[in-house]
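Breakdown of the fold
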Amino acid sequence: RGFVRGISDAKISPDGERVAYTVDAAGDEKYVCEFLPEGVPPVRDVDACVAWGGDGDLYALRTDATGRPHEVWRIKDGTESLVFREDDQRFRIEVIPGETVLFLLRSRDAAEVRDAAGAVL
């Protein structure tokens, strides 16, 4: 793994058996999500914040070329699947952790909440 600049976020899974944490190894705000205990492959190119769902799936954000969080990804047993993508550059996605993971799409003058399936609430 080399020299670690910093762990940005660490979350314990709902069952208490796993930890997901994001690492910025180079200091350039490009994060990798790693897991304890080891055995699940790391998830590359994610935003600093991750969230466990009550179902044990992990949710991570990916950023576009400008650094704007614009995609929500579900990670289950090492498999990644796209949940939602926001192409409108006025909006950025934020994670609202909890038993049910929610995502806030926020711009300067509007906001929208979506669930882990991508449905508007």
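From a predicted model like this one, the values you see are computed outputs, not experimental measurements.

Moving on, we come to the overall build of the chain. Check the secondary structure of the chain and you find zero helices and eleven strands. Ordered by position from N to C terminus, the α and β elements of the chain give β-β-β-β-β-β-β-β-β-β-β. Its C-alpha atoms give the chain a radius of gyration of 14 Å, within 12% of the compact-globule value 14 Å for 121 residues. The principal-axis extent of the C-alpha atoms belonging to the chain is close to 40 × 30 × 20 Å. Counting contacts in the chain only where the partners sit at least 6 residues apart, residues at least 24 apart contribute 23% of the total. Mean positive and mean negative side-chain charge positions of the chain (16 and 24 charges, respectively) differ by 4 Å.

Ordered in space as 1-2-3-4, the four strands form an open sheet in which the pairing is antiparallel. Both outer strands of the open sheet, strand 1 (7–12) and strand 4 (43–46), are each paired with one neighbouring strand and no more. Adjacent strand axes in the sheet meet at a mean angle of 25°, parallel and antiparallel pairs treated alike. Relative to strand 3 (residues 31–36), strand 2 (residues 19–23) is paired through five bridges, and the arrangement is antiparallel.

Quick look at the pattern of salt bridges now. Evaluated as defined, the whole model comprises nine salt bridges. When the shortest N-O distance is used, the salt bridge between Asp-9 and Lys-11 registers 2.7 Å. With a shortest N-O distance of 2.5 Å, Asp-88 and Arg-90 are connected by a salt bridge. Classification of Arg-90 by relative accessible area gives exposed; the value is 57%.

Right, let's get into the packing of aromatic side chains. Applying the stated rule across the entire model yields zero aromatic pairs. Here Arg-62 stacks its cationic end above the ring of Trp-73, 4.7 Å away from the centre of that ring.

This part is about unusual backbone geometry. Trans peptide bonds make up the majority, and among non-glycine residues the majority have a negative phi. Omega for the peptide link from Leu-36 to Pro-37 comes to -10°, which places this bond in the cis form. Backbone geometry at Asp-45 places phi at a positive 60°, although glycine is not the residue there. Following the sequence through the fold, Asp-45 ends up in strand 4. For Asp-77, which is not glycine, the phi torsion reads 50° and is therefore positive. You can see Asp-77 is positioned in the loop between strand 7 (69–76) and strand 8 (79–85). Judged by relative accessible area, Asp-77 falls into the exposed class, the value being 68%.

Another aspect to go through is the side chain of Arg-68. Considering the arrangement of structural elements, one finds Arg-68 in the loop between strand 6 (58–63) and strand 7. Among the polar contacts listed, one links the side chain of Arg-68 to the backbone oxygen of Asp-88, at a separation of 3.3 Å. Side-chain polar atoms of Arg-68 contact the backbone oxygen of Phe-91, separated by 2.7 Å. In this structure Arg-68 touches Arg-62, Thr-63, Glu-86, Asp-87, Asp-88, Gln-89, Phe-91 and Arg-92, once residues within four positions along its chain are discounted.

Analysis parameters
- Residues numbered from 1 in each chain as written.
- Predicted model: local features only at pLDDT ≥ 70, side-chain atom pairs only at ≥ 80, totals over all residues.
- Heavy atoms only, no water.
- Helix = DSSP H or I, 4+ residues; strand = E, 2+ residues; numbered from the N terminus.
- Rg over C-alpha atoms; globule rule 2.2 N^0.38 Å.
- Contact = heavy atoms within 4.5 Å.
- Lys, Arg positive; Asp, Glu negative; His and termini not counted.
- Charge placed at Lys NZ, Arg CZ, Asp CG, Glu CD.
- Pairing = 2+ DSSP bridges.
- Axes fitted to C-alpha atoms, helices over the stretch in contact; angles between N-to-C directions.
- Salt bridge = Lys/Arg side-chain N within 4 Å of Asp/Glu carboxyl O.
- Buried < 20%, exposed > 50% of the residue type's maximum accessible area, 1.4 Å probe, protein only.
- Phe/Tyr/Trp six-rings, centres within 6.5 Å; stacked < 30°, edge-to-face > 60°.
- Lys NZ or Arg CZ within 6 Å of the ring centre and 35° of its normal.
- Polar contact = N/O pair within 3.5 Å; in protein donor to acceptor, adjacent residues only side chain to side chain.

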